[in-house]
Amino acid sequence: MIKSGKMINIDTDIEGAVKQAFKIYFGGGIFIYPTDTVYGFGANPFNEEAVNRVDEIKGRVTGKWYILLINDISNLLKYVELKSEKNMDFLISIWPNPVSVILNLNNETKNIFKRDTAAFRIPNNRFCQKLLSELKMPLISTSVNRKDQPPLTEPSLIKEAFASEVEAVFYTDKKSFFDASTIIDLCDSELKIVREGKIKFEELLAKYEA
């Protein structure tokens, strides 16, 4: 796929934007898009070449994993193993929301990703939800920045810094949420905090222990 760096306003034609992002995803490309947290690089996590390109653009160590967005719990269960019904109920109670949860992968997905765990999130964002419903597969979500630099949140700055390195930049003129997601670990029986973002850990712990 030839990179074009096209700027696409999702406010004017969200359905058309979703179709273009869908084609880029399955064509092995990379795009930038708004989420329920910061803008993110998007790509197919099962496409090794696309994942490596994201690594190169960000200047980060190859093999360090990314948060994966997904459309619903039933689709999530194709890739992970939950410890209990309690964990299932907990995930249902917290999503969609800017909360990313590290989960144990099932054997098939472990073999593909060459790792035991991954962080997933059902995002509270209309564009993401529409796209994920069409993809029916996980979508990489990682902040739009170079290594050790702050995330870029303004479309004009994103265009200047990264448009030439991706297939498209999907953006909105509406105010986005610029807080990073809270990351929690649900691989074991105990809920653990990894990074606190907009959603406070105490709030999540209360839901988990309810």
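Just above sits the structure.
This is a predicted model, so every value here is computed, not measured.

## What to know about the packing of helix α4 (residues 85-94) against helix α8 (residues 201-209)
Next up, step 1: Running from N to C, α4 and α8 cross one another at 135°; their axes reach a closest spacing of 9 Å. Taken together, the axis directions place α4 and α8 in an arrangement best described as oblique. Considering only the axes of α4 and α8, their crossing is right-handed. Facing Lys86, Asn87, Phe90, Ser93 and Ile94 of α4, the residues of α8 in contact are Leu204, Lys207 and Tyr208.
Next up, step 2: When its residues are assigned to classes, the contact of α4 with α8 shows four nonpolar, two polar and two charged.

## Side note on the nonpolar core
Next up, step 1: Ranked by internal contacts, the top residues of the largest apolar core, which has 70 residues, are Leu91, Trp95, Phe120, Phe127 and Phe170.
Next up, step 2: Here the element with the most residues in this core is helix α1 (residues 14-26); it accounts for six residues.
Next up, step 3: Setting aside residues no more than four positions away along its own chain, phenylalanine 120 makes contact with Leu68, Leu76, Tyr79, Val80, Trp95, Val99, Ser100, Val101, Leu103, Leu105 and Pro138.

## What about the side chain of asparagine 106?
Next up, step 1: Turning to its location among the elements, asparagine 106 is positioned in the loop between β6 (99-105) and α5 (107-113).
Next up, step 2: Residue class for asparagine 106 comes out buried when judged on its relative accessible area of 11%.
Next up, step 3: At 2.7 Å, the side chain of asparagine 106 and the backbone oxygen of lysine 78 are in polar contact.

Calculation notes
- Residues numbered from 1 in each chain as written.
- Predicted model: local features only at pLDDT ≥ 70, side-chain atom pairs only at ≥ 80, totals over all residues.
- Heavy atoms only, no water.
- Axes fitted to C-alpha atoms, helices over the stretch in contact; angles between N-to-C directions.
- Helix = DSSP H or I, 4+ residues; strand = E, 2+ residues; numbered from the N terminus.
- Parallel < 35°, antiparallel > 145°, perpendicular 65-115°, else oblique.
- Left-handed = near helix turned anticlockwise from the far one by under 90°.
- Contact = heavy atoms within 4.5 Å.
- Nonpolar A, V, L, I, M, F, W, Y, C, P; charged D, E, K, R; others polar.
- Core = buried A, V, L, I, M, F, W, Y, C linked by side-chain atoms within 4.5 Å.
- Buried < 20%, exposed > 50% of the residue type's maximum accessible area, 1.4 Å probe, protein only.
- Polar contact = N/O pair within 3.5 Å; in protein donor to acceptor, adjacent residues only side chain to side chain.

These figures come from the coordinates and say nothing about function on their own.
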